[in-house]
Amino acid sequence: MNQQYDVIVIGGGASGMMAAATAAKRGKRVLILEKNSRCGAKLSITGGGRCNITNAEYDMHTLLANYGEAQPFLYSAFSQFGVLDTFEFFTSRGLQLVVQDRNRVFPVTERATDVANVMEQSIRDTRVEVHFNTRVEKILQNATGEISGVQTNNGVYAADAYILATGGASHPETGSTGDGFGYLRDLGHTVRAPTPTIVPLGVTEKWIELLSGQSLLDAKVYFASNGKRIFNKRGPVLFTHFGLSGPTILNSAYRVSELLHGGFVDITIDMYPALDIGGYEKYLLELFDQNKNKTLKTIIREVLQIGNAEIWQKMFMKIGIESELLETKVHSITREQRKILVNLVKSFPLTVNRLMDFDRAVVADGGVVLSEIDMRTMQSKLHKNLYITGDLLHINRPSGGFSLQLCWTTGYVAGNFA
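Here's what I pulled together on the structure shown here.

Criteria and cut-off values
- Residues numbered from 1 in each chain as written.
- Predicted model: local features only at pLDDT ≥ 70, side-chain atom pairs only at ≥ 80, totals over all residues.
- Heavy atoms only, no water.
- Helix = DSSP H or I, 4+ residues; strand = E, 2+ residues; numbered from the N terminus.
- Buried < 20%, exposed > 50% of the residue type's maximum accessible area, 1.4 Å probe, protein only.
- Contact = heavy atoms within 4.5 Å.
- Areas by Shrake-Rupley, 256 points an atom, 1.4 Å probe, with all protein chains shown as cover.
- Lys, Arg positive; Asp, Glu negative; His and termini not counted.
- Charge placed at Lys NZ, Arg CZ, Asp CG, Glu CD.
- Axes fitted to C-alpha atoms, helices over the stretch in contact; angles between N-to-C directions.
- Parallel < 35°, antiparallel > 145°, perpendicular 65-115°, else oblique.
- Left-handed = near helix turned anticlockwise from the far one by under 90°.
- Nonpolar A, V, L, I, M, F, W, Y, C, P; charged D, E, K, R; others polar.
- Salt bridge = Lys/Arg side-chain N within 4 Å of Asp/Glu carboxyl O.
- Phe/Tyr/Trp six-rings, centres within 6.5 Å; stacked < 30°, edge-to-face > 60°.

1. Examining the overall build of the chain
Next up, step 1: In terms of regular secondary structure, the chain is built from 13 helices and 22 strands.
Next up, step 2: Taken along its principal axes, the extent of the C-alpha atoms in the chain is 85 × 45 × 35 Å.
Next up, step 3: Taken across its 418 residues, the chain has 55% of its residues classed as buried.
Next up, step 4: Put simply, of all contacts in the chain between residues at least 6 apart along the chain, 71% involve residues at least 24 apart.
Next up, step 5: Accessible surface for the chain amounts to roughly 18,000 Å². Of this, 48% is attributable to carbon and sulfur atoms.
Next up, step 6: Of the side-chain charges in the chain, 43 are positive and 41 negative, and the distance between the mean point of each set is 1 Å.

Below is the structure:
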């Protein structure tokens, strides 16, 4: 098979569909090559199935500061398609958005599939052709360095311009397996190896599974290496059967990955960060005074923020606290026993021994170095008819809508210039 198009987009994810729709709207004949049986597989599960579309930070300097060292490279692209453009794109297509805590933006329906449906409709409306179950085997180039075609399991396709939008290495079950990194290396690009950068943390303590599913809405987590505190983060924390997750943990993973090179990372969790130790002791005394004839287990959630009597009965045994304390009436709890509770709440200890793998990663870094891309157009500096988008760019960013905004922006810019 040998067919000619104006633009071929490799990958039908968020940035690929945005790029394809943008190019097709300009009157180009556009083809998406998608190895799955549908577009937007990863988009349909993002954000725990809720889809954090963007971050409602309207000051560009503040917004781009979240992209770390990539910040100076991104001003031109984001001036072409920014946060407000994302709002306009989706709301004009009937998907209403809502801004939640930490400026995170979701569809009002909180269904990621609704976002994927909008994107799929956008490529249908612009008459983008899609070939599903088409796996790219090699990107071909001629003697002058131009891309001359795409070899697939279904034949060879050719176009005037090519947009590489295969995604990174997070959520491999959706087809995001890092294939694009291999294509880029074969084409002579410098590609940084991916590591899962927004990912849960595994801990050594097996008893953590007792707290699985419990969450702290506001906690402060201190990270230490070799006995020295290195940094801390404050926000929601989720306990899992293998360790810790939630926004605060996910956004700490990249720095933790660096610390793990020096050995295990010790963390302590302050479950009541709004109060210092003296403030929490005062709170505890007042709570005990109000419930003086009750046993500790009946008010344990107010004391320890999470769990219930059954969970803490098992937990106390695991962490070396006499479980009989739970049966003690609070008016009989001694000063030393109160100190045990204070220490547990203000410095709950765990030991991080690993980052969880790509299958649990929200985002993985890695990709082509930005110095090899004209970030005003997403054009490769090595191959003038190749454009690169989204997770194939080596850009670190936190969770909170910044990854998908990067996809919308770079997809739009690539589609506009390809």
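Alright, that's what it looks like, and here's the rest.
2. Observations concerning the packing of helix H1 (residues 14-25) against helix H13 (residues 402-417)
Next up, step 1: One can describe the packing of H1 onto H13 by two numbers: an axis separation of 7 Å at closest approach and a directional angle of 30 degrees. On the basis of the axis angle, H1 is roughly parallel to H13. Both H1 and H13 take part in a crossing whose hand is right-handed. Facing Ala14, Ser15, Met18, Ala19, Thr22 and Ala23 of H1, the residues of H13 in contact are Leu404, Cys407, Trp408, Thr410, Gly411, Tyr412, Gly415 and Asn416.
Next up, step 2: Its residues placed into classes, the contact of H1 with H13 shows 8 nonpolar, 6 polar and no charged.

3. Quick notes on the environment of Ile373
Next up, step 1: Residue placement: Ile373 occurs in strand E20 (residues 373-374).
Next up, step 2: Its relative accessible area of 2% is what places Ile373 among the buried residues.
Next up, step 3: Between the alpha carbons of Ile373 and Ile388 there is a distance of 7.9 Å; along the sequence they are 15 residues apart.
Next up, step 4: In this structure Ile373 touches His189, Val368, Met378, Gln379, Ser380, Lys381, Ile388 and Leu393, once residues within four positions along its chain are discounted.

4. A look at the pattern of salt bridges
Opposite charge on two side chains allows them to pair when their charged atoms are near.
Next up, step 1: Considering all chains together, one arrives at 14 salt bridges under this definition.
Next up, step 2: Among the ionic pairs, Lys292 bridges to Asp289, the shortest N-O distance being 3.5 Å.
Next up, step 3: One salt bridge connects Arg376 with Asp374, and the closest N-O pair in it is separated by 3.0 Å.

5. What to know about the packing of aromatic side chains
Next up, step 1: Taken as a whole and assessed by the stated rule, the structure comprises 14 aromatic pairs.
Next up, step 2: A centroid spacing of 6.0 Å and a plane angle of 90 degrees characterise the contact between Tyr67 and Phe402, whose relative ring orientation is edge-to-face. Within this pair, whereas Tyr67 is found in the loop between helix H2 (60-64) and helix H3 (71-80), its partner Phe402 is found in helix H13, the two being separated by 335 residues in sequence. Each member of the pair, Tyr67 together with Phe402, is buried.
Next up, step 3: Three or more aromatic residues joined by ring pairs form one cluster here, namely Trp207, Phe239, Trp312, Phe316 and Phe348.

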